[in-house]
Amino acid sequence: MNSTMSKPQIIEDPNGMKAFDTQKVNFTATDGYALFGTQYIPRSEIKANIVVSSATGVPLQFYRRFAEYAASLGYQVLTFDYRGIGLSAPPTLKGFKMSYLDWGRYDLSGAIQFAQQTGLKTFVVGHSYGGQALGLTSNHDQVTAMYCFGTGAGWHGYMPFREKMKVHVMWNLIFPPMVAVKGYLPWSKLNMGADLPVDVYKQWHRWCKNPTYFFADPEQSELSQHYAQVKTPIYAVAALDDDWALPSSRHAFMQHYTHAPMHYINIEAQDYGLQSIGHMGYFRKGAEPIWDDILSTFEGLMSQ
């Protein structure tokens, strides 16, 4: 898609120093919950803001390499932890009450609001749940565009047989006793990310049983209308080896952004010089050519 666009050029400091600074930040979600993150601030003139909207249970540190890369190219980048995750978690998750939807409704809304203090254009880069979250925000109209990766409906039926069986075992045999003992999902014990609040686990489990995810939940009947209000251009990427969010799963979810200009992009690892991408490789070391696609797209939108 971006073959006609030039590769972004990293800004080099003449003294060999970093082209950006980092600082720990705290800000509030739109319902007042305290959130914590890291801001990557270019030492050159700032082109625009990028807010990284994380995947479920993935702490902000995972997105550091992308944030540093984008900051070296002149973008001010905000990574942050949703409530109940990483730096934004309470001392214990046992007894912690929240809705899975809070991450989009309040937390991402607050992050967009915080980033926009510069008065510059704001872009969202979403990963998995992060691509779902834009439709939940109260200020999606303030986002110039979203580029998201691995965003799908979560239903096992869209997955290849082997992955489907693995997910079935996790949901039905492994997770329930762990949650019963701990009072939350100790996701970190399986090296799958940060621990998850019990309410997130329960809602996620229920919604993943349906091909249309939370849009089929009678308790969330207003969501279809809310997503239909989004008019932000969306670039939705699916790696063809991402078993958790293949194109069929992506379409099942993204079709609910009915009025957003939608660009579906399928990618393969070998086209980027990678052995594999999967669900997490979009942001791992070596994914710089993928990031060039993101930033080239943003450059083009800023010049319009």
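The coordinates are above.
Criteria and thresholds
Residues numbered from 1 in each chain as written. Predicted model: local features only at pLDDT ≥ 70, side-chain atom pairs only at ≥ 80, totals over all residues. Heavy atoms only, no water. Core = buried A, V, L, I, M, F, W, Y, C linked by side-chain atoms within 4.5 Å. Buried < 20%, exposed > 50% of the residue type's maximum accessible area, 1.4 Å probe, protein only. Helix = DSSP H or I, 4+ residues; strand = E, 2+ residues; numbered from the N terminus. Contact = heavy atoms within 4.5 Å.

How do you make sense of the nonpolar core when you look at a structure like this?
As a rule of thumb, soluble globular proteins bury nonpolar side chains together. Counting 60 residues, the largest nonpolar core has W103, Y213, F214, I234, F253 and Y257 as the members making the most contacts within it. Ranked by residues supplied to this core, first place goes to helix α2 (residues 102-115) with 6 residues. When neighbours within four sequence positions are excluded, F214 is seen to be in contact with L101, Q132, W207, Q220, L223, Y227 and F253. In this structure, A70, Y75, V125 and A145 belong to the second largest nonpolar core, which totals 39 residues.

Explain the environment of F27 to me, please; I cannot follow it from the model alone.
For F27, the location among the structural elements is in strand β1 (residues 20-28). It is 20 Å that separates the C-alpha atoms of F27 and D141, two residues lying 114 residues apart in sequence. Residues within four places of F27 in sequence aside, it is in contact with Y33, A34, L35, L78, F80, D107, G110, A111 and F114.

Before we go on, may I ask you to explain helix α5 (residues 198-207) in this structure?
Residues separated by three or four positions in an α-helix point in the same direction, a consequence of the helix having 3.6 residues per turn. Burial within α5 is extensive, with 8 of its 10 residues counted as buried. If you check which residues of α5 are buried, you get V198, D199, V200, Y201, Q203, W204, H205 and W207. Taken together, the buried residues of α5 touch α2 and α4 (161-182).

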